[in-house]
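Report on the structure
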Amino acid sequence: MAWKAGGQTRLHAAGTTVIRLIQEPVDVCIVGAGIAGALVAATLVRRGRRVVIIEAGGRFDRTQRFAQLEEYLTTGIAWPYERGDRDRYVDTSPDFRYDLATTRVKAVGGSTLHWGGTSQRLDPSDFRARTTYGYGDDWPIKYGELEPYYLKAEHEIGVAGDSRVHSENRSGPFPMEPFPDSFSDPVWRRAAARIGATVEKVPYAKNTRARDGRPECHAFSTCTICPIGAQYSADVHIAEAERSGLCVVLPNTVARRIDVDAGGIARAVHATGLDGSSHVIAARHVVVAAHAIESARLLLLSEVGNASDNVGRYLMEHFYSSGEGVVSGGFFPGRIGFETLQSSSFYNGDERRATGAIKLELGQGLAPLRSTQGAALWGKQLAEFSREYFGRLAAVSAETEHRPHRESRIDLDPDVKDLFGDPVPRIHFHLTEFEHATRARGARIVARMLEAAGARDIQTQSWPRWAAHHMGTCRMSVDPERGVVDKDLKVFGTKNLHVVGSGAFTTGGAVQPTLTIAALALRLGERLAGADL
Amino acid sequence: MTTHGIERLTACRGRRRILASQKMTSTNPKAVTRRAFIGLAAAASVAAAVAARTLLPGFRQSLADWLNFEDASHRLPSQTELLVVASFAGALAGDRMRDDDVNLLAARLTRIARKSRQQAARYAEVSAFANRRARALQTGATGFLSATDDVREAIVRSAMSEPRSSATARLALLTDDGRARFRIREGIAGHLRELYSKSPAPWRSYGYTGWPGKPADKLDYTRPGPQSSG
């Protein structure tokens, strides 16, 4: 380990195992190099704090993204981030199989290496779900307390959006103008007007102009791996932190235990590298930013913060209801690779008491050729079908809320172990009539929107399709009996151990969680940077 | 020769074989003695038992096993074999691709075959099947690459046609050809169609030029698609 800022490192050879022991505590040890860990680290080093980041995954060279893109998108060779020997988990969800291995990315940069880029704030009502709608719990902070950090987050990661949308909830404009309407967007605008709904620009962490050393979007339409870095990924802030000389990243290293003494002080993080090296990192503060699943798992393995049996509970996702239909004229969806319009008209209102929040995404995930992929036709019949339907498939998705339940959770599997002999996470998603009713309502709205767009042969999906948004498991609360961390993200019963990320969400609303993760991380980073270390 | 012509011919050939078979095994009960009949029945029972012992393991083998076979040698298919598979992928979508498109797709197949023993084995099987069928259906054809569009279409149809019943499907698995059809239909056709759809060929047919088929001009998406007259 090459500590650049005066820390001490001792190397011991013990057989083939190398033990790296940092004796002098660093300021902050962060577990996880995704967007939460990256923004905490960047905020800390800007204030001169020394940071070590432990990351279970490896590095993906930005200069290799074109090659990575081609390999993944054109050959279908396995998901580039998956490590079958390491990403073990057990799924006991009764209604469907949940593929955890491909709904998260273990890597320097985390899941932002492979995401859609949607960067939307939670609605103020999401912070007051119990008070406003009678379900879930209220967050221990209000929207207004997080709003300045939302704005900072939009500027840090570079969000392009329409500042007129929900302007009453904003204290400043987006740093970049939104993407223009796609060819199909006017159809959606007319359709929405027909059913009394409004549409708005989707805010994206994609550059609509060159910014922060990254180019503007060139519409490769392959956003899950942006080949040119026009879409934000958290390795941007990891690189910034490393350039400062105050941050050391340990990739391919798995945090396995956190030592917390009887006084509630986290003393050190124990980690093991894939090369067999052992690490003991003493730190004045420990931040667990390892994703909703692994953050909870690490607390469970460390037997920390679970006095009231809340660690791992209240696991949430977003489930989609979606539908497709054929429109008569050329629609040519998906030509930029992502939808540019959405509707929040069904998010709030009286119906939310019974069915939760719903956000419509108009034209989501479509490519012109997709219309042929589900057809059981081959040869010339398929060619004729493709010619007839090319560019005429319209799709709408409803992102729906998953209410927090204690029974929806992760715990430690007693039988299955990881490479190091530690129990793997066991996932158990719990859906109730509330979620089914929400998805059913979402499907009805989707069908209405498609009908209003003049689509025929409308088909809606009834099975749960998840969004790969893991939330809850270490949720914020004012009450140690009902949560894992307090309003400052500090684990109850400890003095210097924090959890940041979607794991800390009290409710998840029906919007993508990344911007809220970023806002929480910036808020925590500022507090730790200003703390008496 | 039209596609339908080939199908009729194939069907007629099959029917002739069935008729001939029926003729050979039909016997006149009056022409055999009771003793001979019992002997014949006993022999038939023994033959049935032997056949069952030989064939039942095949019947019992799960469909997943049939699908997930691997070539233990992990032989990388030859360039010619991969060109056949690439061309076959186009034929699945009714497209006779240009040579450069075939070469590009074959190069991607090569990369996949190097990483996956299972896919390598499947590609080899697709190639062998397509070549075998092409030689059977077209006089003078050396393989799939020299087959006409209609013959290619007939081969695709023969591979992708669903068996009429589960019993027919099971019986088909007893032959190399039947197993190949099953594996192509259930195991690799979707993969090949996906690869084809992510290659330039289909996009070009709709007027797109940029890889992987989306606008090269970043604002082009605000305009109608290239196939549109509007």
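Since the model is a prediction, treat every value here as computed from it, not as a measurement.

Summing up its helical and strand segments, chain B has 10 helices and 0 strands in all. Across chain B, helices and strands are ordered from the amino to the carboxyl terminus as α-α-α-α-α-α-α-α-α-α. The buried share of chain B, reckoned over its 230 residues, is 40%. Nonlocal contacts in chain B, meaning residues at least 24 apart in sequence, comprise 70% of its contacts between residues at least 6 apart. Per element, the accessible surface of chain B, about 13000 Å² overall, is 56% carbon and sulfur.

Once that is clear, we can look at the side chain of Ser502 of chain A. Residue and element names in this part refer to chain A. Inspection of the secondary structure assignment puts Ser502 in the loop between strand 18 (497–499) and helix 11 (514–529). Take Ser502: its relative accessible area is 7%, and that puts it in the buried class. Leave out the neighbours within four places in its chain, and Ser502 touches Ala292, His470, Met471, Gly472, Pro513 and Ile517.

The next point concerns the pattern of salt bridges. All names here are of chain A. Using the criterion set out here, one finds 47 salt bridges over all chains in the structure. Of the charged contacts, one joins Glu294 and Arg104 as a salt bridge, the two residues approaching to 2.7 Å between their closest N and O atoms. Within this pair, whereas Glu294 is found in helix 7 (residues 291–302), its partner Arg104 is found in the loop between strand 4 (90–91) and helix 3 (129–133), the two being separated by 190 residues in sequence. A salt bridge links Asp411 to Arg426; its shortest N-O distance comes to 2.8 Å. You can see Asp411 sitting in strand 14 (residues 409–417) and its partner Arg426 sitting in strand 15 (residues 423–428), a full 15 residues away along the chain. For Asp411, a relative accessible area of 17% translates into the label buried. Accessibility expressed as a relative area gives 24% for Arg426, which makes it partly exposed. Several salt bridges share partner residues, and in doing so they unite Asp87, Arg104, Lys106, Glu294, Arg297 and Asp418 into one network.

Under the criterion given, the structure shown has 17 aromatic pairs over all chains. Ring geometry for Tyr98 of chain A against Trp466 of chain A: centres 4.8 Å apart, planes inclined by 45°, an arrangement best described as tilted. A residue pair is termed long-range when its members are at least 10 positions apart, and Tyr98 of chain A in the loop between strand 4 and helix 3 and Trp466 of chain A in strand 17 (residues 465–466) qualify at 368 residues. A relative accessible area of 24% means that Trp466 of chain A is categorised as partly exposed. For the pair Phe179 of chain A and Phe338 of chain A, a centre-to-centre distance of 5.1 Å together with 75° between the ring planes defines the contact as edge-to-face. On the criterion of sequence distance, the pair formed by Phe179 of chain A in the loop between helix 4 (143–157) and helix 5 (185–194) and Phe338 of chain A in the loop between strand 10 (319–326) and strand 11 (341–343) is long-range, its members being 159 residues apart. This pair shows no difference in class: Phe179 of chain A is buried, exactly as Phe338 of chain A is. Taken together, the ring pairs connect Phe96, Tyr98, Phe319, Phe429 and Trp466 of chain A into an aromatic cluster. The cationic tip of Arg403 of chain A hangs over the ring face of Phe434 of chain A; the distance from NZ or CZ to the ring centre is 4.4 Å. Lying across the ring of Trp378 of chain A, Arg193 of chain B places its NZ or CZ 4.3 Å from the centre.

What follows concerns the confidence of the model for chain B. One rule of thumb: low pLDDT means the predicted coordinates there are not for detailed reading. All names here are of chain B. Looking at chain B as a whole, its pLDDT mean stands at 75, while 66% of the residues score no less than 70. Considering each helix and strand of chain B separately, the mean pLDDT is smallest for helix 1 (residues 3–25), with a value of 31, and largest for helix 4 (residues 79–92), with 97. Low pLDDT (under 50) marks residues 1–27, which in the prediction has 13 contacts with non-local residues, meaning those over four places away or in another chain. Across the whole predicted complex the pTM is 0.84, and at the interface the ipTM reaches 0.73.

Residue and element names in this part refer to chain A. With 15 residues, helix 4 ought to run about 21 Å at 1.5 Å a step, and its terminal C-alpha atoms sit 20 Å apart, in line with that. Tyr143, Leu146, Glu147, Tyr149, Tyr150, Leu151, Ala153, Glu154, Glu156 and Ile157 are the residues of helix 4 that are buried. Each element contacted by the buried residues of helix 4 is listed here: helix 1 (35–46), helix 6 (235–243) and helix 11.

Residues and elements named next belong to chain A. Taking every second residue as pointing to the same face, both faces of strand 6 (residues 247–250) are buried, with Cys247 and Val249 on one and Val248 and Leu250 on the other. As paired strands, strand 3 (residues 51–54) and strand 6 are joined by 4 bridges and run parallel to one another. Residue pairing in the sheet places Val51 in a bridge with Cys247 of strand 6.

All names here are of chain A. Relative to the assigned elements, Ile157 resides in helix 4. For the pair formed by Ile157 and Val202, sequence separation is 45 residues and the distance between their alpha carbons is 15 Å. Among residues more than four places away in sequence, those in contact with Ile157 are Ile35, Ser119, Ala205, Arg214, Tyr232 and Leu515.

A few words now on unusual backbone geometry. All names here are of chain A. The backbone of Asp457 sits at a positive phi, close to 50°, despite the residue not being glycine. Tracing the chain through its elements places Asp457 in strand 16 (residues 456–460). The residue Thr473 is not glycine, and still its phi comes out positive at about 85°. Residue placement: Thr473 occurs in the loop between strand 17 and strand 18. Since its relative accessible area comes to 0%, Thr473 is described here as buried.

Conventions we followed
Residues numbered from 1 in each chain as written. Chains lettered and ligands numbered in written order. Predicted model: local features only at pLDDT ≥ 70, side-chain atom pairs only at ≥ 80, totals over all residues. Heavy atoms only, no water. Helix = DSSP H or I, 4+ residues; strand = E, 2+ residues; numbered from the N terminus. Buried < 20%, exposed > 50% of the residue type's maximum accessible area, 1.4 Å probe, protein only. Contact = heavy atoms within 4.5 Å. Areas by Shrake-Rupley, 256 points an atom, 1.4 Å probe, with all protein chains shown as cover. Salt bridge = Lys/Arg side-chain N within 4 Å of Asp/Glu carboxyl O. Phe/Tyr/Trp six-rings, centres within 6.5 Å; stacked < 30°, edge-to-face > 60°. Lys NZ or Arg CZ within 6 Å of the ring centre and 35° of its normal. pLDDT = per-residue confidence, 0-100. Expected span 1.5 Å × (residues − 1). Pairing = 2+ DSSP bridges.

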